[in-house]
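Listed below, chain by chain, are the residues.
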Amino acid sequence: GIQVEQSPPDLILQEGANSTLRCNFSDSVNNLQWFHQNPWGQLINLFYIPSGTKQNGRLSATTVATERYSLLYISSSQTTDSGVYFCAVEQKNRDDKIIFGKGTRLHILP
Amino acid sequence: DVKVTQSSRYLVKRTGEKVFLECVQDMDHENMFWYRQDPGLGLRLIYFSYDVKMKEKGDIPEGYSVSREKKERFSLILESASTNQTSMYLCASSSPTSGQETQYFGPGTRLLVL
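This write-up is about the structure you can find in this document. Small disclaimer: the values here were computed from a predicted structure and weren't measured.

1. Observations concerning a nonpolar patch on the surface
The grouping of Val-12, Leu-112 and Leu-114 of chain B at the surface amounts to a nonpolar patch, some 260 Å² of accessible area in total. One can find Val-12 of chain B in strand β2 (residues 10-13).

See the structure below:
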C-alpha cells in the first residue's frame, strides 16, 4: 500500500519562528489533508489540499501531486501551535481509506 | 459546525471485559471511521463504514468488531479486551457528497486495559 512519510519527526522552535513540515507519499492520491492534534488529543482539520496552495492565517500548505509531496508552513509560531501535525492521504482506487503519516511533533517554546 | 462526539474521554477496563466505544456525528455523514493511535505508529485504521449496516475492515481489525445500526452512530466493540488494546481511539466522519471529503474527528477515548 501507499507509504506516507513525514519529516522532521520532532521540531523544537522558539516562539515567533517559521517552520516547514513535509509529507512525502509513494503513490498517486485522491486527496490529502493536514491535521493538528493538540496536547489534549483533539484532531483538527487544517487543510484539504489534494493539489495547489491554500492559506489560512499564519498557516499555508502546498501540494505538488506530480512530485508526491506536500508542505505545511507555519509562520510566526505561537505556543498554541504546539502539538502533532499529521498528513493523511487517500490513495486512488482505495475507496475512502485514509492513510496517516506518523506525524511531526512540534514544540514551541515561549 | 460538524460535531463528532465519543462516549468517554477516559476508560479503564480489565482483561477479558467486553468494551463498547460509541461515536455519534450530527452532520448526516455517510462515512465513519475508527482509528487507534499509538506512540511511534501514528493513526491506524481499524474499521470503517460507508453506509448503515455496512462495514469494511481497515488495516488492523483483529480483536475488534463494529456496529452501524443508525447513520449517525458507529460503535467499536472489543469482545474480550487485552492489554495490547490499551490505546487512544479516535472516531471520524466524512461525506463523499460534500465536494471536499474532509474527515472530522471526535475528541478521542483513552482506553487502559489492565
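Next, the rest of the story.
2. Section: the interface of chain A and chain B
Often, the extent of an interface is quoted as the loss of accessible area upon association of its parts. Facing the 21 residues of chain A at the interface are 26 residues of chain B. Counting each side, the surface lost to burial between chain A and chain B is near 1,800 Å², with a carbon and sulfur contribution of 50%. Our count for the chain A to chain B interface comes out at 0 salt bridges. Our enumeration of links across chain A and chain B arrives at 5 residue pairs in polar contact (both at pLDDT 80 or more). Taken together, the residues of the side of chain A that touches chain B sort by class into 8 nonpolar, 7 polar and 6 charged.

3. Focus: the packing of aromatic side chains
Taken as a whole and assessed by the stated rule, the structure comprises 9 aromatic pairs over all chains. Look at Phe-100 of chain A and Phe-105 of chain B: their rings are 6.0 Å apart centre to centre, the planes differ by 80°, and that puts the pair in the edge-to-face class. On the criterion of chain membership, the pair formed by Phe-100 of chain A in strand β10 (residues 98-100) and Phe-105 of chain B in strand β10 (residues 104-105) is interchain, its members lying in two chains. Residue classification places Phe-105 of chain B among the buried positions, given a relative accessible area of 6%. Site record: aromatic cluster; members linked through ring pairs are Phe-35, Phe-86 and Phe-100 of chain A together with Phe-33, Tyr-35, Phe-48 and Phe-105 of chain B. Cation over ring: Arg-22 of chain A sits above Tyr-69 of chain A, and NZ or CZ is 4.2 Å from the ring centre.

4. With respect to the layout of surface pockets
A water-sized probe, rolled over the atoms, reveals where empty space remains. Roughly 480 Å³ of volume is contained in the largest pocket. Lining of the largest pocket is provided by 23 residues; of these, Gln-37, Val-84, Phe-86 and Arg-105 of chain A together with Gln-37 of chain B occupy positions nearest its centre. Contributions of two or more residues to the lining of the largest pocket are made by β9 (83-91) and β11 (104-109) of chain A together with β4 (31-38) and β9 (87-94) of chain B. Lining the second largest pocket are 19 residues, and of these Ile-2, Gln-3, Ile-99 and Phe-100 of chain A together with Asp-59 of chain B lie nearest its centre.

5. As for the state of the cysteines
Applying the stated criterion across every chain, the model contains 2 disulfides over all chains. Each sulfur in the disulfide pair Cys-23 of chain A and Cys-87 of chain A lies 2.0 Å from the other. Judged by the sign of its S-S torsion, about -55°, the bond between Cys-23 of chain A and Cys-87 of chain A is left-handed. With a gap of 64 residues between them, Cys-23 of chain A in strand β3 (residues 19-25) and Cys-87 of chain A in strand β9 connect regions that are remote in the sequence. For Cys-23 of chain B, the disulfide goes to Cys-91 of chain B, at an S-S distance of 1.8 Å.

Rules used in this analysis
Residues numbered from 1 in each chain as written. Chains lettered and ligands numbered in written order. Predicted model: local features only at pLDDT ≥ 70, side-chain atom pairs only at ≥ 80, totals over all residues. Heavy atoms only, no water. Patch = residues over 30% accessible without salt bridge, like charges linked within 9 Å, V, L, I, M, F, W, Y side chains within 5 Å. Areas by Shrake-Rupley, 256 points an atom, 1.4 Å probe, with all protein chains shown as cover. Salt bridge = Lys/Arg side-chain N within 4 Å of Asp/Glu carboxyl O. Helix = DSSP H or I, 4+ residues; strand = E, 2+ residues; numbered from the N terminus. Contact = heavy atoms within 4.5 Å. Buried area = accessible area lost by both parts, 1.4 Å probe. Polar contact = N/O pair within 3.5 Å; in protein donor to acceptor, adjacent residues only side chain to side chain. Nonpolar A, V, L, I, M, F, W, Y, C, P; charged D, E, K, R; others polar. Phe/Tyr/Trp six-rings, centres within 6.5 Å; stacked < 30°, edge-to-face > 60°. Buried < 20%, exposed > 50% of the residue type's maximum accessible area, 1.4 Å probe, protein only. Lys NZ or Arg CZ within 6 Å of the ring centre and 35° of its normal. 1 Å grid on protein atoms, 1.4 Å probe; cavity = no way out; pocket = protein on both sides within 12 Å on 5 of 7 lines; lining within 4 Å. Points joined across faces, edges and corners; volume = space filled by probe spheres on them. Disulfide = S-S within 2.5 Å.

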